[in-house]
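Examination of the molecular architecture
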Amino acid sequence: MSKQEKILAVKGMNDILPADAPMWELFENTAESILKSYGYQKIVTPILEETGLFARAIGAVTDIVEKEMYSFTDSMNGDLLTLRPEGTAGVVRAVLEHNLVYDGPKRLWYKGPMFRHERPQRGRYRQFFQFGAEAVGFAGPDIDAEMIMLCRRMWDDLGLDEVRLELNSIGNAAERLRHRADLIAHFEANIDTLDAEAKRRLHTNPLRILDTKNPAMQELVNAAPKLLDYLEAESLAHFEGVRKILDHNNVQYTVNPRLVRGIDYYNRTVFEWVTDKLGAQGTICAGGRYDPLIEMFGGKATPGVGFAMGIERIIELMKAAGEMASPNQCDVYMVHQGDAAQLQAFVLAERIRDAGLDVVLHCATPAGAGSFKSQMKKADGSGAAFAVILGEDEMANGTAAVKPMRDMGAAQASVPFDDVVDYLVDQITGGGGGHDHGDHSNCTHH
Ligand code: ATP
Ligand code: MG
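Residues numbered from 1 in each chain as written. Chains lettered and ligands numbered in written order. Predicted model: local features only at pLDDT ≥ 70, side-chain atom pairs only at ≥ 80, totals over all residues.

This part takes up the nonpolar core. Ala133, Met147, Cys151 and Ile314 are the most contacted members of the largest nonpolar core, which totals 75 residues. Tallying contributions element by element places helix H5 (residues 141-158) first for this core, with eight residues. Apart from residues lying up to four places away in sequence, methionine 147 is in contact with Ala133, Ala135, Gly287, Val305 and Phe307. Among the nonpolar cores identified, the runner-up in size contains 25 residues, and Ala349, Leu357, Ala384 and Ala400 belong to it. (Core = buried A, V, L, I, M, F, W, Y, C linked by C-beta atoms within 7 Å. Buried ≥ 20, exposed ≤ 12 C-beta atoms within 10 Å, placed from the backbone. Helix = DSSP H or I, 4+ residues; strand = E, 2+ residues; numbered from the N terminus. Contact = placed C-beta atoms within 7 Å.)

As structure tokens, then:
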């Protein structure tokens, strides 16, 4: 039979392997507990939505809708569907569909995969994960500041100190319209400096030209009319309100008049957390206010504000910062030899797990169950604190050999079956031998 060709993952879509899983867990646990500490509740929405949802929410002339969406026709019924490119549209749809704000505003968070057909490169993938929050029904600058501060707490807790905050206000639609006219005039007067992308955007989304990374355009873009100068009293007061809270709480930021969002539904406050440690893809969190969005969805006018973090970029930053997530260890590795010992090992392993310890029971490979020696090697590699060994001798006298694996000096003990659980709990929780049990979160000891 000829060998089958290997099937590989879709380009730009990554596997998260067990070696990286503890780091992801560390991020998720930290993020979730911080969001909870600010009163945010979890929401989960589908990965597939009607294409129209994103076309309407994100805006037809954005990068995402123009060229990044995974859209397709469901061959079963002709529905036009899209793999979600971001989280806000789905969350807001769900809020409206279930009338979640009928009894007041809501603070929500979500996490999960997003899909954008971009050119894969460092920090930019076609499936990537976001962790985000949306606060719906809050109008004032206070919630904007709260969101920014909870992000700061996140970087602190994760040990990321080289992250800085950029802040801007993009006002409301009328203010942007007046600015837009002057902006287009400025660019038209310098049309030769514009690259092809900017020329294309000139009359569709000129604000986005401000975001250009093209070095040849930096001077032109820096000299462009600043949206901040077009804001009127109400928008300015909101922006000042955000800044006042941030200043009072010692949150450092720079006002970046060129900071805009790639998505149409934003207004007023926009912010980004950026780092220089990740090369070109330095934005790890982007957020802002989207007061017009719910009305665009046919709901009654309800303000909103949110952010989304790119988890892959944060994981890379955590690694660069030397953050160590404790590897997946177990407490006990069960080694056994012979049919009777295997049966007894199952019984003991269940009892030890009942006591809250993590147990790996040696199982056979295509090469068989393996010798004592090879099983002990596996026990060693597992990082277990103890090997519990059952062989012919142990079965004959009703005891298990309990061998400390990490504390070289400690002695092996012969423990009657009925005492094995107490013995291990005692040893591991420090009552007896003072073993360093390590620090893993997926196991609780009673
Ligand atoms: P960019 O200008 O880098 O394309 P964006 O404006 O498209 O960013 P948002 O839609 O605001 O990004 O998404 C929020 C965050 O999600 C980004 O700051 C980034 O951390 C992350 N992110 C966005 N696109 C990708 C991607 N293709 N791969 C990995 N992370 C991404
Ligand atoms: Mg993008």
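That covers the picture; the talk isn't over yet.
One can read the domain layout of the protein chain as domain 1 (21-171 + 231-320) and domain 2 (332-429). Averaged C-alpha coordinates put domain 1 and domain 2 at centres separated by 48 Å. (Domains from an automatic or database assignment.)

A word on helix H2 (residues 51-58). Residues Phe54, Ala57 and Ile58 constitute the buried set of H2. Along the axis of H2, the buried positions cluster into a sector of 80°, meaning they face one direction only. Backbone geometry just downstream of H2 places glycine 59 in the positive-phi region, at approximately 105°. (Arc of directions from axis to C-beta.)

Across the 10 residues of strand E5 (residues 106-115), seven count as buried, placing the element largely inside the fold. Sheet topology places strand E1 (residues 41-42) next to E5; two bridges connect them, and they run parallel. Bridging across to E5, glutamine 41 finds its partner in leucine 108. The pairing of E5 with strand E6 (residues 127-136) spans 10 bridges and is antiparallel. The partner of leucine 108 across the bridge, within E6, is glutamate 134. (Pairing = 2+ DSSP bridges.)

Time to look at the packing of helix H1 (residues 21-37) against helix H11 (residues 311-320). At a minimum axis separation of 10 Å, H1 and H11 run at an interaxial angle of 110°. Between H1 and H11, the interaxial angle falls into the category roughly perpendicular. Residues Met23, Trp24 and Phe27 of H1 form the contact with H11, whose own contacting residues are Ile311, Ile314, Ile315, Met318 and Lys319. Of the residues assigned to the contact of H1 with H11, the class counts are seven nonpolar, no polar and one charged. (Axes fitted to C-alpha atoms, helices over the stretch in contact; angles between N-to-C directions. Parallel < 35°, antiparallel > 145°, perpendicular 65-115°, else oblique. Nonpolar A, V, L, I, M, F, W, Y, C, P; charged D, E, K, R; others polar.)

With that settled, consider unusual backbone geometry. Its identity as a non-glycine residue notwithstanding, asparagine 99 has a phi of 50°, on the positive side. As for its placement among the helices and strands, asparagine 99 is situated in the loop between helix H4 (88-97) and E5. Residues other than glycine seldom take positive phi values, yet asparagine 250 does so here, at roughly 60°. Mapping asparagine 250 onto the fold places it in the loop between helix H9 (233-248) and strand E8 (254-255).

Right, let's get into the sheet that holds strand E12 (residues 332-336). In space, the five strands of this open sheet follow the order E13-E12-E14-E15-E16, with mixed pairing throughout. What marks the edges here is a single partner per strand, and that holds for strand E13 (359-361) and strand E16 (413-416). Taken over all neighbouring pairs, the strand axes of this sheet differ in orientation by 25° on average, direction set aside. Inspection of the sheet shows strand E14 (residues 386-390) paired to strand E15 (residues 399-404) by four bridges, in the antiparallel sense. Pairing of isoleucine 389 across the sheet is with alanine 401, part of E15. Against the sheet, helix H12 (residues 339-354) engages E12, E13, E14 and E15, with an angle of about 165° to E12. Across the face of the sheet, helix H13 (residues 372-381) comes into contact with E12 and E14 while running at roughly 175° to E12.

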